[in-house]
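Structural overview
The primary structure of each chain is shown beneath.
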Amino acid sequence: MDKRKKRALIFAVSSVVLAIVCGISLLLISFFEGKEEKKPTNMYSDELHSYIFYEPDYDLDVTTVDEYMELDRLLYYKNGAEEYGIDGDAEKYGADIVFFQKYFEIVIEGRWEEYNELFTDHYYETNEKKNRFAPQMIYDMHIEKLWEKDETEDRLAFNVSYRIYKNNGTFRNDIDSGASKVLYFELVIENGEYKIDRITYYI
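In this report, we go over the structure that sits alongside the text. (Residues numbered from 1 in each chain as written. Predicted model: local features only at pLDDT ≥ 70, side-chain atom pairs only at ≥ 80, totals over all residues. Heavy atoms only, no water.)

Remarks on the packing of aromatic side chains
Each aromatic ring pair is characterised by the separation of its centres together with the angle its planes make. Applying the stated criterion across every chain, the model contains 19 aromatic pairs. Plain terms: the ring middles of F119 and Y124 are 5.9 Å apart, the flat faces sit at 55 degrees to each other, and that makes the pair tilted. On the numbers, 6.5 Å between centres and 85 degrees between planes, the contact of Y184 with Y202 is edge-to-face. In this pair, Y184 is assigned in strand β7 (residues 183-190) and Y202 in the segment after β8 (193-201), connecting sequence segments 18 residues apart. Its relative accessible area of 43% is what places Y202 among the partly exposed residues. Over the aromatic face of Y68 sits the side chain of R73, whose NZ or CZ is 5.8 Å from the ring centroid. Residue placement shows K149 over the ring face of W147; its charged tip is 4.8 Å from the ring centre. (Phe/Tyr/Trp six-rings, centres within 6.5 Å; stacked < 30°, edge-to-face > 60°. Helix = DSSP H or I, 4+ residues; strand = E, 2+ residues; numbered from the N terminus. Buried < 20%, exposed > 50% of the residue type's maximum accessible area, 1.4 Å probe, protein only. Lys NZ or Arg CZ within 6 Å of the ring centre and 35° of its normal.)

This is how it looks when you write it as structure tokens:
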């Protein structure tokens, strides 16, 4: 076989091998694109977890989801030995509970720009503002008042927990649907308004 035919044969074989490799690569890409993605997170955790979240619907009206509306959507407030289930007017329980009622309403309706206004400038020194998040079907909401200081500043501490029905991961990506994790909140009063100055979690 002369050199010209040998080179032609090598080229032909190389082309076939390249075509096979490309074909396999495209099949693998299609396979992985079709799989549901487990998104890793450590938002309020020291550990890395992966959850499969529901598809976010940024136009969702949560009141149209019958299964969600049948869940316990009261806001439970505990202060010492007393505990109340609040549905509607929270003013008689204190301005701090009015704040939390507003907090949950904003999150449930996906009003992310208003959500970012609920925090102090000090909070944003170590935390980033939230990007857009979809409406959240939050239920089983519990607020427990831990302490209040007013010697040098108005500062209050709370344990906060809640669950998300069909969690889409755009607001909380550290818990699975229906799961709950207690968070620690500190609120301060700035110019007569309650603001969140700190959120952390228990190990």
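A short note on helix α3 (residues 95-108)
The terminal C-alpha atoms of α3 lie 20 Å apart, and with 14 residues this matches the ideal 20 Å at 1.5 Å per residue to within 8%. Among the 14 residues of α3, ten are classified as buried, and the element is accordingly described as predominantly covered. Among the residues making up α3, those that are buried are D96, I97, F99, F100, Q101, Y103, F104, I106, V107 and I108. Looking one or two residues past α3, G110 carries a phi angle of roughly 70 degrees, positive in sign. (Expected span 1.5 Å × (residues − 1).)

Describing the pattern of salt bridges
Counted according to the given criterion, the structure contains ten salt bridges. One salt bridge in this structure joins K145 and D96, with 3.6 Å as the shortest N-O distance. Here D96 lies in helix α3 and K145 lies in strand β5 (residues 137-149), a separation of 49 residues in the sequence. The two residues K145 and D96 agree in class, both being buried. Ionic pairing is found between R155 and E186, a salt bridge with its closest N-O pair at 2.7 Å. (Salt bridge = Lys/Arg side-chain N within 4 Å of Asp/Glu carboxyl O.)

Concerning the pairing of β5
Across five bridges, the pairing between strand β3 (residues 75-79) and β5 is parallel. Within β5, the residue paired with L75 across the bridge is M141. As paired elements, β5 and strand β6 (residues 155-165) share ten bridges and run antiparallel to each other. Along β6, the bridge assignment pairs I138 with I164. (Pairing = 2+ DSSP bridges.)

Here's the deal with the sheet that holds β6
Spatial ordering of the open sheet is given by β4-β3-β5-β6-β7-β8, a layout of six strands whose pairing is mixed. Across the chains shown, the open sheet's two edge strands, defined by having one partner strand only, are β4 (82-86) and β8. Each strand of the sheet is rotated relative to its neighbour by a mean of 25 degrees, with strand direction disregarded. Where β3 and β4 come together, five bridges link them in antiparallel fashion. Opposite Y77, over in β4, you have Y84 as the bridge partner. Lying over the sheet, α3 contacts β3, β4, β5, β6, β7 and β8, oriented at roughly 150 degrees with respect to β5. (Axes fitted to C-alpha atoms, helices over the stretch in contact; angles between N-to-C directions. Contact = heavy atoms within 4.5 Å.)

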